[in-house]
Amino acid sequence: MTASKAAISVRGLQKHFGDKKVLTGIDLDIHAGDVTCIIGPSGSGKSTLLRSIAFLDPYDGGDVQVFGKLIGWRETPLGRERAGVRELAETRRPLGMVFQHFHLWPHMSVLNNVTTALRLVHGVPRKQVEETGRAMLEKVGLSTFADRRPESLSGGQKQRVAIARALAVRPKAMLFDEPTSALDPELVGEVLSVMKTLATEGMTMVIVTHEMGFAAHAASRVVFMDSGRIVEEGPPQMLFATPKSERLSQFLQTGANAHFDSLKGTIMAAHGYDKGRLNLPFVGISTFAKSPYVENWDQIDADVAILGAPFDFGTQWRSGARFGPRSIREASTLFAFGHAGAYDHEDNVTYLEGVRIVDIGDADIIHTDTASSHANIEIGVRKILSAGALPVVLGGDHSINIPCINAFGDQEPVHLVQFDAHLDFVDERHGVRFGHGSPMRRASEKPWVTGMTQLGIRNVSSTAKEGYDHARAQRSDILSVRQIRKLGVDAVLERIPAGKRYYLSIDIDGFDPSIAPGTGTPSHGGFIYYEVPELIAGLAKRGTIVGVDLVEVAPDYDHTGTTAILAAQLLLNTIGRIFAVNVSANGRNSRVE
């Protein structure tokens, strides 16, 4: 496309402050509908480029054309001369600009902040001005704030007012100069959400940003600048996944951008039929649901974090669950292909839409050393909880539940809900207290576990009558599969205390071996598929599910892979139900505590 057809065309742009060259020959075309994110280290000239486009910083060489008109200068028979104030204002009219700082008038209401320029500069009648102002406030989610003063708003709300003010003049293109850099981290999302909406509506936008995740998902093109020049540019799925320049690779892997590997995974796994890699299930590395991999456990930034716990030294019969996390991850890729979220036509709900899932890999397992292995699992769960994410742990044998429950020691109390064929209430056998027959007994000893509901328990297991008696004495409600079917889902849910924080522990042998043969301890007469998701969906509505483990998948006993697929599907359904409940309650992806 030629420069004349570009919405904004920059040619040979130069700018210096004294002897310092800030921009050195920039060439850039922004086409209508483009969302161009400009990234780069501090001092690279990003903001100066943006301000030069609007002629807020007069440039010293080259051209900037805005919708076909040279901005800031006029050509005369005697050469180029500065444009007058009115001419500059007219050329600048198609541009809206949002700065790092909000620049709101403190003595005016929010509505007047949005509309004053319309009335005084553009001469729009007062009635039309108010209608436009209120419409723009509604667009940024602040329709009820019209009569407030800026001092009563959060930083994110103030920035949304600034966006509404810029939109009020009906610009053809928006320029954003690091619009979230002055905000507290928890307020960034609300501003980026408004910007994403503008992008989907086709607004032409040029955005200087340090928000790499936003650039990855919202931009049609990313421009990387360094030392006053454009080093590299292209679609985000190419620029982030396969940077051509060493300088961009360094930038993405250092400092504030050290989450590059996670970001790269996000790009490579991006859902969508219209752009990016097709990314079929059998392509790439098998993280859970092809989610970004986060190696540094101190940099977890997600709604859900997946942790593998490939420990199976606690088994009393057949081992093999150490390969469970790997098999579940591989099976989960089956559900990672396609559009964002998973539409359920029975519920008429798109589950998992916007839910940020990361995979933090496996806890380090020390062979023959149960204590150290369990301690490493506990560390992983604690890191997830400290990041405010939902821990989902892939076992491993059921003893991995012990460190998972230990990790909740500094959290609010939980009610433990177990799906299993076996009660797992053995106290001690030949000195063994932390095997896969004991996790519920160990959990019952924790003061932060206020009660248990044990579902699916059947047949003869390693737990003797003493174990059952002790479980009931500890206020455990024990139901077999046959009892659950007789009662029905609603009646079973009524037995579980309402409004609690629930920890969910799922042993795959709770399912019937006809659908879950890949386990070391299969037990006939188990659940069929829909019985468990229906109970979990009801549980998510009844309280808050704050942690999940799924254990005992041993893939070598099931060469069809059906058991691992069942586990992956159940976990994704569980995560979807947890966050669907809270989205409907709050309008955002978060768990109500």
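Quick note: structure is the one above.
The structure reproduced in this document is the subject of the present report. Because the structure is predicted, anything quoted here is derived from the model rather than measured.

**Overview of the sheet that holds strand β16 (residues 357–362)**
Spatially, the eight strands line up as an open sheet ordered β16-β13-β17-β22-β21-β18-β19-β20, and their pairing is parallel. The two strands at the open ends of the sheet, each matched to only one other strand, are β16 and β20 (476–479). The sheet shows a mean angle of 15 degrees between the axes of neighbouring strands, taken without regard to direction. The pairing of strand β21 (residues 501–507) with strand β22 (residues 544–551) spans seven bridges and is classified as parallel. Counterpart to isoleucine 506 in the pairing with β22 is leucine 550. Each of β19 (449–455) and β20 is contacted by helix α15 (residues 465–473), which is oriented at about 125 degrees to β20, the strand it contacts most.

**So, the pairing of strand β10 (residues 204–208)**
Across a regular strand the side chains alternate sides, sitting on one face of the sheet and then on the other. Counting buried residues along β10, five of its five residues qualify, which places the element largely inside the surrounding structure. Alternating positions in β10 separate into two faces, Thr204, Val206 and Val208 on one and Met205 and Ile207 on the other, with burial throughout. Here strand β3 (residues 35–39) runs beside β10; their pairing, made up of four bridges, is parallel. Note on β10: the bridge partner recorded for cysteine 37 is isoleucine 207. As paired strands, strand β9 (residues 173–177) and β10 are joined by five bridges and run parallel to one another. Within β10, the position partnered with phenylalanine 176 by the bridge is isoleucine 207.

**Overview of a nonpolar patch on the surface**
A grouping of Leu334, Phe335 and Ile565 is seen on the molecular surface, where their side chains present a nonpolar patch of about 240 Å² in accessible area. Along the polypeptide, leucine 334 turns up in the loop between α11 (324–332) and β14 (342–344). The class for leucine 334 is partly exposed, based on a relative accessible area of 48%.

**Structural notes on the nonpolar core**
Among the nonpolar cores identified, the biggest contains 53 residues, and Ile163, Met174, Phe176 and Met205 are the most heavily contacted of them. Looking at this core element by element, the count peaks at eight residues for helix α6 (residues 185–200). Of all hydrophobic cores here, the second largest spans 49 residues; its members include Phe288, Val355, Leu504 and Leu572.

**Some points on the pattern of salt bridges**
Opposite charge on two side chains lets them pair, provided their charged atoms get close. For the coordinates displayed, the defined rule picks out 31 salt bridges. One salt bridge in this structure joins arginine 382 and glutamate 378, with 2.9 Å as the shortest N-O distance. Taken as a pair, arginine 382 and glutamate 378 lie in helix α12 (residues 370–386) at a separation of four residues, close to a single helical turn. Looking at arginine 382, the relative accessible area reads 32%, which means it is partly exposed. The closest approach of N and O atoms between lysine 465 and aspartate 469, which form a salt bridge, is 2.9 Å. Of this pair, lysine 465 and aspartate 469 are both found in helix α15, four residues apart, which corresponds to roughly one turn of the helix. Look at the salt bridges and you will find they share partners, linking Asp427, Arg433, Arg441, Arg442, Glu445 and Glu466 into a network.

**Focus on the sheet that holds strand β5 (residues 69–70)**
The four strands are arranged β2-β1-β4-β5 in an open sheet whose pairing can be described as antiparallel. The strands lining the two open edges of the sheet, one partner per strand, are β2 (20–30) and β5. Pairing geometry for strand β1 (residues 8–17) and strand β4 (residues 61–66), over five bridges, is antiparallel. Bridge pairing links glutamine 14 to glycine 61 in β4.

**As for the pairing of strand β7 (residues 79–82)**
Sheet topology places strand β6 (residues 73–76) next to β7; four bridges connect them, and they run antiparallel. Note on β7: the bridge partner recorded for arginine 74 is glutamate 81. Linking two consecutive strands that pair antiparallel, namely β6 and β7, is a turn of two residues.

**Looking at the environment of arginine 329**
Within the secondary structure, arginine 329 sits in helix α11. C-alpha separation for the pair arginine 329 and threonine 287, spaced 42 residues apart in sequence, amounts to 5.6 Å. In contact with arginine 329, other than residues within four places in its own chain, are Ser286, Thr287, Phe288, Leu307, Gly308, Asp359, Gly361, Asp362 and Leu394.

**Observations concerning the packing of aromatic side chains**
One pass over the structure, following the stated rule, counts eight aromatic pairs. Here the aromatic rings of phenylalanine 55 and tyrosine 59 are separated by 5.4 Å at their centres, their planes lie at 90 degrees, and the arrangement is edge-to-face. We classify phenylalanine 55 as buried; its relative accessible area is 4%. On the numbers, 5.2 Å between centres and 70 degrees between planes, the contact of tyrosine 529 with tyrosine 530 is edge-to-face. Using a relative accessible area of 53% as the deciding quantity, one classes tyrosine 530 as exposed. Of the aromatic side chains, those joined through ring pairs into one cluster are Phe55, Tyr59 and Trp73. Across from the ring centre of phenylalanine 67, 5.1 Å away, lies the NZ or CZ of lysine 172, which sits over that ring.

Cut-offs applied
- Starting afresh in each chain, residues are numbered from 1 along the sequence in its written order.
- pLDDT decides what is reported in this predicted model: residues at 70 or higher carry local features, side-chain atom pairs at 80 or more are listed and counted, and totals for whole chains, interfaces and linings draw on all residues regardless.
- Working from all heavy atoms in the structure, the side-chain values ignore hydrogens and water.
- At least two DSSP bridges between two strands are required for those strands to pair.
- Helix numbering and strand numbering both begin at the N terminus, where a helix is a DSSP run of H or I of at least 4 residues and a strand a DSSP run of E of at least 2.
- For every element, the axis is a line fit to its C-alpha atoms; helices are fit only across the contacting stretch, and the angle between N-to-C directions ranges from 0 to 180 degrees.
- In what follows, residue pairs with any heavy atoms lying within 4.5 Å of each other are defined as contacts.
- Remark: exposure states derive from per-residue accessible area (1.4 Å probe, protein chains only) relative to the maximum for the residue type, with buried under 20%, exposed over 50%, and partly exposed in between.
- Residues form patches when they are more than 30% accessible in relative terms and have no salt bridge. Like charges link within 9 Å. Nonpolar side chains (Val, Leu, Ile, Met, Phe, Trp, Tyr) link within 5 Å.
- For every accessible area listed, the method is Shrake-Rupley and the probe measures 1.4 Å; residues are considered covered only by the protein chains on display.
- We define a salt bridge as a contact between a side-chain nitrogen of Lys or Arg and a carboxyl oxygen of Asp or Glu at a distance within 4 Å.
- Within this scheme, the nonpolar core is defined by two criteria: the residues are buried Ala, Val, Leu, Ile, Met, Phe, Trp, Tyr or Cys, and they are joined through side-chain atoms within 4.5 Å.
- Note on ring pairs: Phe, Tyr and Trp rings are taken, using the six-membered ring of Trp, and paired if centres are within 6.5 Å. Classes follow the plane angle, with under 30 degrees stacked, over 60 edge-to-face and the rest tilted.
- We call a charge positioned over a ring when the NZ of a Lys or the CZ of an Arg lies within 6 Å of the ring centre and within 35 degrees of the ring normal.

Read these as geometric descriptors, not functional statements.
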